[in-house]
Every structure is written in structure tokens, then in C-alpha cells.
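So you can see what is in the structure, the chains are spelled out below.
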Number of protein chains: 2
Amino acid sequence: MTARYPDHLRERIDAHLADLRFPSRTPGTAGLEDAMRYSLLAGGKRIRPVLALATAQAVGLDEDVVLPYATALELIHTYSLIHDDLPAMDDDDLRRGRPTCHVVYGEDVAILAGDALYAEAFRLLLEAGAAEARVPAARTLAAAAALAAASGVDGMVGGQYLDVVGEKASTAGDATTVGRATSDRSGTADGSTGTSTDDARRALRTVHELKTGRLIGASVGGVLHLAGLDDARAEPFRRFAADLGVLFQIVDDILDVTGTDQDLGKRQGSDARHGKRTYVTEYGLGGARDMAAQHHRAATAALTDAAPSGADALLTLTDFIHTRTN
Amino acid sequence: MTARYPDHLRERIDAHLADLRFPSRTPGTAGLEDAMRYSLLAGGKRIRPVLALATAQAVGLDEDVVLPYATALELIHTYSLIHDDLPAMDDDDLRRGRPTCHVVYGEDVAILAGDALYAEAFRLLLEAGAAEARVPAARTLAAAAALAAASGVDGMVGGQYLDVVGEKASTAGDATTVGRATSDRSGTADGSTGTSTDDARRALRTVHELKTGRLIGASVGGVLHLAGLDDARAEPFRRFAADLGVLFQIVDDILDVTGTDQDLGKRQGSDARHGKRTYVTEYGLGGARDMAAQHHRAATAALTDAAPSGADALLTLTDFIHTRTN
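Rules used throughout
Residues numbered from 1 in each chain as written. Chains lettered and ligands numbered in written order. Predicted model: local features only at pLDDT ≥ 70, side-chain atom pairs only at ≥ 80, totals over all residues. Heavy atoms only, no water. Helix = DSSP H or I, 4+ residues; strand = E, 2+ residues; numbered from the N terminus. Buried < 20%, exposed > 50% of the residue type's maximum accessible area, 1.4 Å probe, protein only. Contact = heavy atoms within 4.5 Å. Areas by Shrake-Rupley, 256 points an atom, 1.4 Å probe, with all protein chains shown as cover. Least-squares fit on C-alpha atoms with pLDDT ≥ 70 in both. Core = buried A, V, L, I, M, F, W, Y, C linked by side-chain atoms within 4.5 Å. Expected span 1.5 Å × (residues − 1). Buried area = accessible area lost by both parts, 1.4 Å probe. Salt bridge = Lys/Arg side-chain N within 4 Å of Asp/Glu carboxyl O. Polar contact = N/O pair within 3.5 Å; in protein donor to acceptor, adjacent residues only side chain to side chain. Phe/Tyr/Trp six-rings, centres within 6.5 Å; stacked < 30°, edge-to-face > 60°. Lys NZ or Arg CZ within 6 Å of the ring centre and 35° of its normal. Axes fitted to C-alpha atoms, helices over the stretch in contact; angles between N-to-C directions. Parallel < 35°, antiparallel > 145°, perpendicular 65-115°, else oblique. Left-handed = near helix turned anticlockwise from the far one by under 90°. Nonpolar A, V, L, I, M, F, W, Y, C, P; charged D, E, K, R; others polar.

1. Comments concerning the overall build of chain A
Move 1: Looking only at helices and strands, chain A has 15 helices and 2 strands in total.
Move 2: Evaluated residue by residue, chain A yields a buried proportion of 59% over its 326 residues.
Move 3: Across chain A, the fraction of contacts at a sequence separation of at least 24, relative to all contacts at a separation of at least 6, is 74%.
Move 4: Carbon and sulfur atoms provide 50% of the accessible area of chain A, an area that totals close to 12000 Å².

And the structure:
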């Protein structure tokens, strides 16, 4: 059974996103803003911003202080979906039950809508930080730096690159060398030798750690920066975020096999069609489910260390991510 | 005759860019970094970062304090060139005398290389700001916010959107309605009515103000934030930057007609091939040259107000931008 979701936090985010405008001095860019809002307001669970608000609760920070950071997370996530769906990338025509951005607005406008969402994420966050008297500027600077790092080469975009390169290798019938294809300079990701199964599993883990894990990590980590937590207090939160990120991805891979088009809002089986390695192809459905349960336990345990009280919303969210059907 | 260029500043930037690494915990993303560095190290005049360093001199700020900001400007400029050149956008195969990024690395990798350059620009700037004791965090925050604004909807990406939409309208043989096509909600950019020539000229100006002008403005404006200049002292610098931005674009349009492939490092006449309105199509070659001279005089006069002494490098750069042949 699916656990409940912290809906009050999602509603807060949804209301805020619906009111967002990307003001320009010329009405000529209205069409660009339409494309940005089309993808931004397509629904979705808002897991990253909800995670940020739930973390704010756990560390005793006002929700509205964290709202610009939470908003930036969702804008960046939306931009990554738009670019991932492009014909030159995954070439997906359906997302959250609706035609993808490039299907509706054209490929050129979709590229620019993604670019603009990324820029506006930083603009909103940095302008709000400059105007926010309750948070020292140095903390906003640290949070924004973490967000940039999580979405760059050693984060989301790097992960998407590994995904694209790995897919090319497997489409070329070279499935056993994905690990090698994505690390063309120095052998496997950690420089070790091993069986091709070990290599492939390590490569799979790295792709997801970068592509999905880092931004989920930053959804927690950035809030720790805003709160000014010292390393000792931050450490169990970071452990929690790392396990939550892996849990999220394993469940995503399981749902791509077991979910329905309607539940998922995208075509079921899209990983298989793209010849992608997933936790299910590597460990089987049962193995993947066991791993999910393990990471769920580890995340929950880390939360107990991090915030013995006040972590209710984070616990709810962790249960939901484990049991979700979409 | 071409005026000299502040080569010592360009050399400082070039050396810094050549040493830049985009460190990732996995060697698998080395191919992504190759694509980023291919475009970043393709040469170019480095006008934006040189402008930032020259502004630092004029306001008495250490060059190395401004270097991360200057670097971010060039990374963002490079990312915009990679995305502009994509097949779905301008579809250009030659840039700075070499095949464009997507020709060498593929369309998917080129999209990601652009995305990654933007992320790394902010990461470098924000991480350096967090570690820089000589500049209060609030100033770095303001500078980074200005940079994000200059590259978003009301800046570079918005301008590229207007360019793309305008081009579609003119390719469709609907050349006189570019002004209208790019402002589909409320008529012309400023809501007034006018002749179609007025509309088209206003639309042309808006495209360039956003696409090129804002980032050139931020090359000066961000440094004013880093220096903590008050509005009165900043105002003539901002006037200077506005005139310099227009001057830069007019000369660009003139060179697209009068330059050689070799000088330009790209195909001469590319504006005409794309059916683009330019200062030359709107005002003729002589008219465009007169306008360039006007903006050169205005920029130089603003500089005299801004920094009666210490603006040598900015003056040199202004003369160069007026008389350059590439």
C-alpha cells in the first residue's frame, strides 16, 4: 500500500509555482514563458522541494526562508526533464501524461525553455537571498554553490552524459562494456579491474548517483547550509539523503517495469526500449525490491540519528518514496 | 585601422581558462569535459571577461578578486554559442574557424556541454565567493544574481528566443511582422502602434539588447556589485556598458557583411542566409556605421564621467570594439 504524502508541503509548493512569473521587459518573450510554465505546471510530486521544506522543519528553519531554494530545485528538475526528453537525447513524447515540451513548442523553444528555467532558478534564489535578512549572505552563497555543483559535471548533467554515452554503447550491441564506454580515459570508474557484471553495476550506480542522487542530496544539503548546521549535525542528514537518493532510483526502475502508462504519466517500459541498464536488469525484480527495503531502513535509521524529533515530514516522505506507484 | 586590444588582460584570462578543470569524481565524464574545453578554448577575443577585468582596474578592485566572475562570463558566453549553433537553432557548422561542438561531439553531448558550462560558471563563481575574504558575501550574491538575470528570460536566453521566433516569421515570408510575431500578446514591444519599419527597428533593438547587451552590461555591472559601488558612482558605468553593448552589436552586423570567412572564423553572410534583420538591413551600411560612431562617442563620454582616471583599459577596449575586423 502506498504511504501517504506530505500533501500540505506539496500544496505550498504548487501554489507558489502557480504564482511564479518570469518577468521580462518585453512582452515578446511571453511564448518562452508559456513553454516554461507548461512544463513547470504539469503536475508531478514535487519531491525535491517538498524534501527541502521537510528538512527545514527538521532543522527548525522557517518554511518561507527555504521557499526560494525549494523553488530553484523544482525549476532545475523541470529543466532537466525538458532537455532529457529532446529528440537528440531520450526522444520521449509523453511526460506526466502530456505531450513533452518540444512536441508542443518545437525543439528550439524547448531547448531555450530549459536554459531559461535554469537561469531563473539561480536568479530567484540569489535575489531572494540578497533580500533575506534572516539568513546571512554567506549561507545562501554556500547553498547556491551546492546547488550549482549538484547540477553540473559532477552532478545531474554529468549523470545524463554517462546515461547518453552508455545508451549509445548498448545500442551498438556492446552491452558488456558500458562501464568502459563511460570511462574511456582510465578504465572503470574507480580504476579497478573486475568482472564485467561488477563493472556494469558500478557504472549503473555512478550514473544514478550523479543524474538523480546529487540533486536529491542537494534538496537536503542546501537547507543544511541555509540553517548553518555544523558538520557533526549535518552528517546524519547527508547519510539520510544519500540512501534516499538510491531508494528513489531503485523504485523508479521497478516502476518502469511494473507500473502502468496511466500511473506513470509516461510510457511504461521506456528504460527497456532505450536499452538502459537499471536496478531491475542488474539484480532482477526481487533483488531490486530487497535493495529498496535495505536503503529504506538505512535512510530511516539515519533520520533517527539526525533529528530524533521533528523529522515527521521527512519520515512520511521516505515511506512514500519506498511505496509509491508513480 | 583596428585599435589595439588590452592583450595583457586577455592573456590573463586565456591562461586561467587553459588551467580550468571541471573535476568530477568519475573519470567517465572526461568526454563531457573534452567537449566543454573544445569550445571554451577555441580562442575568441574574451571581450566579456576582459571587460570585467578592465572595469576592476577602473574601480580599484584587485584583478584576482574579479577573476572568478570574469571566468563565469566566458563560460556562459561559450555555452550560449554552443546552443545557438545547434541544428534545431541556427544550425551553424563553423565557429571560430573550427567545426562547431555538435559537429564534433554530437548533438546530445553539445546540449549537455552547454548545460554543464552554465552550471560550472555558477559553481566556480559561488565557491570562490564563499572562500574570498576580501569581498563580503552579500556583494558576491548581488553580482551572481545580476549574472543570472542577464542570462535568463529578461536577458540572453530571452533574446535568443526572440531571434528564433523572428527568424521563423521572416522565413515564412512574413518579414514585415517580425515586431508583431515576437510580441504576440500585446502588439509591439512597448505597446505603441507605429509603422512597420519602426516596429521592426524596435524589435531588432530589443532582440540585441537582450541577446548580447545584457551580458555585456553584466560584464561591467557585476564588477560594480563586487566593488560595492553606490548608485551614483555606478550610473555612468552602466550608461557606458549600455552604449558599448549596442556598439558591439552594430559592428557585428557590419562585419557579417564586410568581413571575410577567415577573419570572422565563421561563414560571412550568415545573417542574410538566416533571413535575419540586422542594423545593416534596417539602416544600410552607411547608416549602421554612423550609428556605431555615435555609440562609440557616447560610451567614451560616459567613461569620462565614470572614471576620469584609471579607465585606460576600458577606453582601449571601446576603441577596439569600434574598429575590430573580427
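What follows continues from the structure just given.
2. A few points about the relation of the copies chain A and chain B
Move 1: Of the transformation placing chain A onto chain B, the axial shift is 0.0 Å and the rotation is 180 degrees, giving an RMSD of 0.0 Å. Look at the turn and shift together and you get a two-fold axis relating the two. Using C-alpha coordinates, one finds that chain A approaches the rotation axis most closely at Ala137 of chain A, a distance of 2.7 Å.
Move 2: When the interface residues of chain A are mapped onto chain B, 100% of them are again interface residues, pointing to one common binding face.

3. Comments concerning the nonpolar core
Nonpolar side chains in soluble globular proteins tend to end up buried together.
Move 1: One finds Phe122 and Phe237 of chain A together with Phe122 and Phe237 of chain B to be the most contacted residues of the largest nonpolar core, which totals 209 residues.
Move 2: The leading source of residues in this core is helix H6 (residues 107-131) of chain B, at 14 residues.
Move 3: If we skip the residues at most four places from it in the chain, Phe122 of chain B touches Phe122, Leu126 and Ala148 of chain A together with Ile76, Ala144, Leu147 and Ala148 of chain B.

4. A word on helix H7 (residues 137-150) of chain A
Move 1: The end-to-end C-alpha distance of H7 of chain A is 20 Å, a good match for the 20 Å that 14 residues give at a rise of 1.5 Å each.
Move 2: Inspection of H7 of chain A places Ala137, Thr140, Leu141, Ala143, Ala144, Ala145, Leu147, Ala148 and Ala150 of chain A among the buried residues, and these make up the whole buried set.

5. Some details on the interface of chain A and chain B
Move 1: The interface is formed by 64 residues belonging to chain A together with 64 residues belonging to chain B.
Move 2: Taking both partners together, chain A and chain B bury about 5200 Å²; carbon and sulfur atoms supply 70% of that area.
Move 3: Looking at the side of chain A facing chain B, the largest losses of area belong to Leu141, Val153 and Tyr161 of chain A, adding up to 14% of the total buried there.
Move 4: Summed over the shared surface of chain A and chain B, the result is 2 salt bridges.
Move 5: Asp154 of chain A serves as the salt-bridge partner of Arg25 of chain B, at 3.0 Å between the closest nitrogen and oxygen.
Move 6: Counting across the chain A and chain B interface gives 8 residue pairs in polar contact (both at pLDDT 80 or more).

6. A few points about the packing of aromatic side chains
Move 1: Evaluation of the coordinates by the stated rule reveals 12 aromatic pairs over all chains.
Move 2: Pairing Tyr5 of chain A with Phe320 of chain A gives two aromatic rings, centres 4.7 Å apart and planes at 75 degrees, and the pair type is edge-to-face. Taken together, the residues Tyr5 of chain A in the segment before helix H1 (7-19) and Phe320 of chain A in helix H15 (residues 312-323) connect sequence positions 315 residues apart.
Move 3: Judged by relative accessible area, which is 7%, Tyr5 of chain A ranks as buried.
Move 4: One aromatic cluster is present, built from ring pairs that chain together Tyr79, Tyr118 and Phe122 of chain A together with Tyr79, Tyr118 and Phe122 of chain B.
Move 5: Directly above the ring of Phe248 of chain B sits Arg324 of chain B, whose terminal nitrogen or CZ lies 4.3 Å from the centroid.

7. Section: the pattern of salt bridges
Residues and elements named next belong to chain A.
Move 1: Here the structure, examined in full by the defined rule, presents 44 salt bridges over all chains.
Move 2: In this structure, the salt-bridge partner of Asp14 is Arg46, at a minimum N-O distance of 2.8 Å. You can see Asp14 sitting in helix H1 and its partner Arg46 sitting in the loop between helix H2 (30-40) and helix H3 (47-59), a full 32 residues away along the chain.
Move 3: The partly exposed category is assigned to Asp14, whose relative accessible area is 30%.
Move 4: With its nearest N and O atoms 2.9 Å apart, the salt bridge here joins Glu127 to Arg123. Of this pair, Glu127 and Arg123 are both found in helix H6 (residues 107-131), 4 residues apart, which corresponds to roughly one turn of the helix.

8. Overview of the packing of helix H11 (residues 231-258) of chain A against H15 of chain A
All names here are of chain A.
Move 1: Two elements in contact, H11 and H15, have axes whose closest approach is 9 Å; the angle formed by their N-to-C orientations is 25 degrees. In this view, H11 runs roughly parallel relative to H15, as classed from their interaxial angle. You can see that H11 and H15 cross each other, and the crossing is left-handed. Along the contact surface, H11 presents Phe237, Phe240, Leu244, Leu247, Phe248 and Val251, while H15 presents Leu314, Thr318, Ile321 and His322.
Move 2: Along the lines of polarity and charge, the residues of the contact of H11 with H15 split into 8 nonpolar, 2 polar and no charged.

9. A short note on the packing of helix H7 (residues 137-150) of chain B against helix H10 (residues 196-227) of chain B
All names here are of chain B.
Move 1: Contact geometry of H7 with H10 gives a least axis separation of 8 Å together with a crossing angle of 170 degrees. Relative to H10, H7 is oriented roughly antiparallel. For the pair formed by H7 and H10, the contact residues are Arg139, Thr140, Ala142, Ala143, Ala146, Leu147 and Ala150 on the first element and Arg214, Leu215, Ala218, Gly222, His225, Leu226 and Ala227 on the second.
Move 2: The residue inventory of the contact of H7 with H10, partitioned by class, reads 9 nonpolar, 3 polar and 2 charged.

10. Brief notes about the environment of Ala292 of chain A
All names here are of chain A.
Move 1: Considering the arrangement of structural elements, one finds Ala292 in helix H14 (residues 279-306).
Move 2: Note: C-alpha distance between Ala292 and His322 (30 residues apart in sequence) is 7.0 Å.
Move 3: Excluding anything up to four places from it in sequence, Ala292 contacts Leu247, Ile250, Val251 and His322.

11. Some words on the side chain of Lys211 of chain B
Move 1: Of note, Lys211 of chain B is situated in helix H10.
Move 2: Among the polar contacts made by the side chain of Lys211 of chain B, one reaches the side chain of Asp163 of chain B at a distance of 2.7 Å.

12. Things to note about unusual backbone geometry
In most cases, non-glycine residues show a negative phi, while peptide bonds are predominantly trans.
Move 1: A positive phi angle, close to 50 degrees, is found at Arg96 of chain A, a residue other than glycine.
Move 2: You can see Arg96 of chain A is positioned in the loop between strand S1 (94-95) and strand S2 (98-99).
Move 3: Residue classification places Arg96 of chain A among the partly exposed residues on the basis of a relative accessible area of 22%.
Move 4: A positive phi is found at Arg46 of chain B, a non-glycine position, where the angle reads about 60 degrees.
Move 5: Looking at Arg46 of chain B, the relative accessible area reads 3%, which means it is buried.

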